[in-house]
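Architecture at a glance
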Amino acid sequence: MSIEKFVTFDSTAVPLSIENIDTDQIIPARFLKATTREGFGKNLFRDWRYDKNGQPRSDFPLNNPEYKGGILVAGKNFGSGSSREHAAWAILDHGFKVVASSFFADIFKNNALNNGLLPVQVSADFLSEIFREIGKDPGTLLRVDLENQQITLLATGEKEHFDINPYKRECLLRGYDDIEYLLSIKDKIAAFEKHRN
């Protein structure tokens, strides 16, 4: 599976200031029957986005036309719970390229990176500042610079460094999944094997 190359991304964001969002809230288990990655976005946060009659809830941020863009800004402890890759698929399929939070569950973080979704972990203070700026102006732009590992609030110039696994960073910068990365260094692998024998 090829992933989209990621270098620098400027976008508005959708604020979801709820903490402890688990994978069953991201994509409920009843929607996990599909065998392909497409179509999960329509059920992202299904039980929060829609009422029991299937009507959109006007008070949920993803249903608010003021909020749009390719960055989801979420409360602390995002992606906890069961290990389901479908959570990353649903977020990507909805159109998000980045999730920013002050803490991610490790399994979610790995699933996200394996599928080309960038989890950007920031400090609690910086996350609060992002929420504040979006609250003042839904058109607030964020810049996510993967090469320099920085996220910037363009309105204020405030920025923060974020950590990422160096191998996964390289894969995202090149647009490689694990297999494509191995193919890109097959000559080095062959040379190593030849030297070893």
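Residues numbered from 1 in each chain as written. Predicted model: local features only at pLDDT ≥ 70, side-chain atom pairs only at ≥ 80, totals over all residues. Heavy atoms only, no water.

Looking at the pairing of strand β9 (residues 150-153)
The side chains of a regular strand alternate between the sheet's two faces. Relative to β9, strand β8 (residues 142-145) runs antiparallel, the two sharing 4 bridges. Bridge pairing links Val144 to Ile151 in β9. Here β8 hands over to β9 after 4 residues, with Gln149 in that stretch at a positive phi of 55°. Where β9 and strand β10 (residues 159-161) come together, 3 bridges link them in antiparallel fashion. What sits directly across from Gln150, in β10, is His161. Here β9 folds back onto β10, and the loop between the two strands holds 5 residues, one of which, Gly157, carries a positive phi near 80°. (Pairing = 2+ DSSP bridges. Helix = DSSP H or I, 4+ residues; strand = E, 2+ residues; numbered from the N terminus.)

Quick notes on the side chain of Gln149
Along the chain, the position of Gln149 falls in the loop between β8 and β9. Under the relative-accessibility criterion, Gln149 is labelled buried at 16%. (Buried < 20%, exposed > 50% of the residue type's maximum accessible area, 1.4 Å probe, protein only.)

As for the sheet that holds strand β1 (residues 8-11)
Taken in spatial order, the 4 strands of this open sheet run β1-β8-β9-β10, and their pairing is antiparallel. The open sheet has two edge strands with one neighbour each: β1 and β10. Direction aside, the axes of adjacent strands within the sheet are offset by 15° on average. Sitting on the sheet, helix α5 (residues 124-136) is in contact with β8, β9 and β10, with an inclination near 35° to β9. (Axes fitted to C-alpha atoms, helices over the stretch in contact; angles between N-to-C directions. Contact = heavy atoms within 4.5 Å.)

Brief notes about the pairing of strand β2 (residues 13-16)
Burial of the side chains of β2 extends over both faces: Ala13 and Pro15 are buried on one face and Val14 and Leu16 on the other. Here 4 bridges tie β2 to strand β4 (residues 71-74), and the two strands are oriented parallel to one another. Residue pairing for β4: Pro15 is matched across the bridge by Val73.

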